[in-house]
Amino acid sequence: MHAMLSIDIGTTSTKVILYNGNGQVAASANNGYPLYQTTPGMAEENPADIYQAVLTGIQTVITACPDLSVGGLSFSAAMHSLILLDDTYQPLTRMYTWADNRAKQAAAAFRARPDAHDLYVRTGTPLQPMTPLAKICWLQQTQPALIQATRWFADIKSYVLYRLTGQFVLDYSLANATGLFNLHELNWDPLALKIARITTDQLPQLVDTTTVLTGLRPELATKWQLDPQTPIVVGASDGCLSNLGLNALQPGVAALTIGTSGAVRVVTDQPQLDAHGRLFCYYLAPDRWVVGGPVNNGGNVLAWVRDQLFTPERDHYGKQTLAYLSDLIAQVPAGSHGLLMHPYLNGERAPLWDANARGAYFGLTAQHTRADMARAALEGVTFNLYHVAQLVQQLTGPFVSLQATGGFANSAPWRQLLTDIFDMPVTIPTNFESTCLGAALLGWQRLGDVTDLTASAEFVGPETTLQPDPTAAATYQKLAPLYTELARTYQPLFQQLAEFH
């Protein structure tokens, strides 16, 4: 096979992996960038920082393997990003990420429309502030001069590909997550464009996820010692490619990811839409659609626990944060001595779809310890994903297996409590970088190295399958309804709390 450079432009960092002709990792790099959150609801990043992370990552892996001839590049990117560009493709703004909630009033206006469900059915995207559709409407209302100065509305991948090749394109998968795309027609949606008050000639050219670009800018080709005509496969979104990289393509095979945020997803052979608009439906490849629900609160909740409840000076965890907390959590029994946590520290997408959602501990007593609170936080993240999984199964059918990946898998106690809460076997690949592998597989299929995406089974590598502990699973089956009922009870109060910044 061709050696493949796989580039995953993520929320907090860009990962670049060079796979050799046997599908094995030859070299990898991971370069981060700051997230700006200086005002309530803000979550922005600098496009130049992200582009530099892409360049640095590619340079690092190519330098590490001077004798390996790169046969192609393939891209993944996080969903829902928005950058406003001028007529020379220069950013007029920082990038608004999916986590930016300032468009919540615009999203609320969508949901109040008489054609709200029709808009969801056309786009497959829940009507929430995460979407570029909502963000554009918010900017139309709050910064009309900025909108007037804007020539192009881009996402991070279309921006990076333009800087690499001079071609301004967006794949169906990421377009599907904008709220501006008709998933039935595979084209920009007239109703959504009318609501946003923009036109198709302000948006990138739509292309399929297996489209090949050529014409790498000469200065980059020379620097990396690549042929300028090296195929660049446009690729898809990170969530969709994660299913591919986990070999979660068959009916009933679900993929679960917990990184900074999280998601539960399954692949179907045709679009499937939730009657209540609570789940997304996004394009992956011809006859392959990804149905699921994303959550805002994953590993970032563990980071909050670390920063607010523990200190390096007192707890001596140094750089071994996850290992230190995992050791503490392992000493606490399932259920955290009757303590529940709603992990809604950053608003919430599925299952609540409420930008005003607020976190809380329930059942706290004087006997509870910081270790109890840490475990309850991880259980809360996982209960939330379990709730999302129930919604997905109602739409697509019961899960027969669960493939899990993400940074959480580095914590043995978190892996086990997830298995116990879901009360089913959970398979975790040794290679956690499922999104990069998914992008590489899409590239290999396009270049003819694999005949079908189901070949992903050959590349996932060694796996570990965990079995639920019956006692812990029984405890969680009792607590899960309490968790859900508490969320339902207190959600009507979130708006009032949100008014007290």
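Residues numbered from 1 in each chain as written. Predicted model: local features only at pLDDT ≥ 70, side-chain atom pairs only at ≥ 80, totals over all residues. Heavy atoms only, no water.

## Let's talk about the overall build of the protein chain
Now for step 1: For the protein chain, the helix and strand inventory stands at 18 helices and 23 strands.
Now for step 2: The C-alpha atoms of the protein chain give 22 Å as radius of gyration, which agrees with the globular expectation for 501 residues (23 Å, within 12%).
Now for step 3: With the C-alpha coordinates of the protein chain rotated into their principal frame, the extents come out at 65 × 55 × 45 Å.
Now for step 4: Going through the 501 residues of the protein chain one by one, you find that 60% of them count as buried.
Now for step 5: Partitioning the contacts of the protein chain with sequence separation of at least 6, the portion at a separation of at least 24 is 72%.
Now for step 6: Averaging the positions of the 29 positive and the 40 negative side-chain charges in the protein chain gives two centres separated by 6 Å. (Helix = DSSP H or I, 4+ residues; strand = E, 2+ residues; numbered from the N terminus. Rg over C-alpha atoms; globule rule 2.2 N^0.38 Å. Buried < 20%, exposed > 50% of the residue type's maximum accessible area, 1.4 Å probe, protein only. Contact = heavy atoms within 4.5 Å. Lys, Arg positive; Asp, Glu negative; His and termini not counted. Charge placed at Lys NZ, Arg CZ, Asp CG, Glu CD.)

## Section: helix α3 (residues 116-123)
Now for step 1: Among the residues of α3, those classed as buried are A116, L119, Y120 and T123. Looking straight down α3, one finds its buried side chains confined to an arc of 100°; they lie on one side.
Now for step 2: As for α3, its buried residues are in contact with α2 (104-111), α4 (132-142), α7 (172-176), β10 (181-182), α8 (190-196) and β17 (280-285).
Now for step 3: A positive phi of about 70° marks G124, the residue just after α3. (Arc of directions from axis to C-beta.)

## As for the environment of L328
Now for step 1: Position of L328 among the secondary structure elements: in helix α13 (residues 321-330).
Now for step 2: For the pair L328 and R375, spaced 47 residues apart in the sequence, the C-alpha separation amounts to 8.3 Å.
Now for step 3: Sequence-distant contacts of L328, defined by excluding residues within four places in its chain, comprise F310 and A371.

## Considerations on the sheet that holds strand β21 (residues 401-405)
Now for step 1: The strand order across the open sheet formed by seven strands is β17-β18-β16-β15-β21-β22-β23, and the pairing between neighbours is mixed. Lying at the two open borders of the sheet, with one neighbouring strand each, are β17 and β23 (463-466). When strand polarity is set aside, the average angle formed by the axes of neighbouring strands in this sheet is 30°.
Now for step 2: Sheet analysis places β21 next to strand β22 (residues 426-429), joined by two bridges and oriented parallel. Following the sheet pairing, Q403 is matched in β22 by T427. (Pairing = 2+ DSSP bridges. Axes fitted to C-alpha atoms, helices over the stretch in contact; angles between N-to-C directions.)

## Re unusual backbone geometry
Phi is mostly negative for residues that are not glycine, and the peptide bonds are mostly trans.
Now for step 1: A cis amide bond, omega -5°, links A350 with the succeeding residue P351.
Now for step 2: In this fold, P351 is placed in the loop between β19 (340-342) and β20 (360-362).
Now for step 3: Phi is positive for Q225, which is not a glycine, with a value near 55°.
Now for step 4: Classification of Q225 as exposed rests on a relative accessible area of 74%.
Now for step 5: Phi angles above zero are rare outside glycine, and H337 is one such case at about 55°.

## Topic: the nonpolar core
Grouped burial of nonpolar side chains is what soluble globular proteins tend to show.
Now for step 1: Within the largest apolar cluster, 174 residues are counted, with the highest numbers of intra-cluster contacts made by L5, I9, L180 and F422.
Now for step 2: No other element matches the 14 residues that helix α14 (residues 370-396) contributes to this core.
Now for step 3: Not counting the four nearest positions on each side in its chain, F422 is found in contact with L256, T382, L385, Y386, A389 and L402. (Core = buried A, V, L, I, M, F, W, Y, C linked by side-chain atoms within 4.5 Å.)

## Some thoughts on the pattern of salt bridges
Now for step 1: Applying the stated criterion across every chain, the model contains 13 salt bridges.
Now for step 2: Salt-bridge contacts for E44 lead to R94; the nearest nitrogen and oxygen are separated by 2.9 Å. Of this pair, E44 sits in strand β4 (residues 44-45) while R94 is found in the loop between β6 (83-85) and β7 (95-96), placing the two residues 50 residues apart along the sequence.
Now for step 3: Overall, E44 belongs to the buried group, its relative accessible area being 9%.
Now for step 4: Salt-bridge contacts for D118 lead to R122; the nearest nitrogen and oxygen are separated by 3.7 Å. Highlighted residues: D118 and R122, both in helix α3, separated by four residues, approximately one helical turn. (Salt bridge = Lys/Arg side-chain N within 4 Å of Asp/Glu carboxyl O.)

## A look at the sheet that holds strand β3 (residues 25-32)
Now for step 1: With mixed pairing, the six strands of this open sheet are ordered in space as β3-β2-β1-β5-β14-β13. Edge positions in the sheet fall to β3 and β13 (212-213), since each has one partner strand and no second.
Now for step 2: When strand β5 (residues 70-77) meets strand β14 (residues 232-237), the two strands line up parallel, connected through four bridges. Looking at the pairing, A77 lines up with S237 of β14.

## As for the pairing of β22
Each regular strand shows side chains that alternate between the opposite faces of the sheet.
Now for step 1: Neither face of β22 is exposed, since V426 and I428 on one face and T427 and P429 on the opposite face are all buried.
Now for step 2: You can see the chain leave β21, run along helix α15 (residues 412-422) and come back into β22, and the turn it takes is right-handed.
Now for step 3: In this structure, β22 lies alongside β23, joined through four bridges in antiparallel fashion. Note that in β23 the partner of V426 across the bridge is L466. (Right-handed = clockwise from strand over helix to strand, strands pointing away.)

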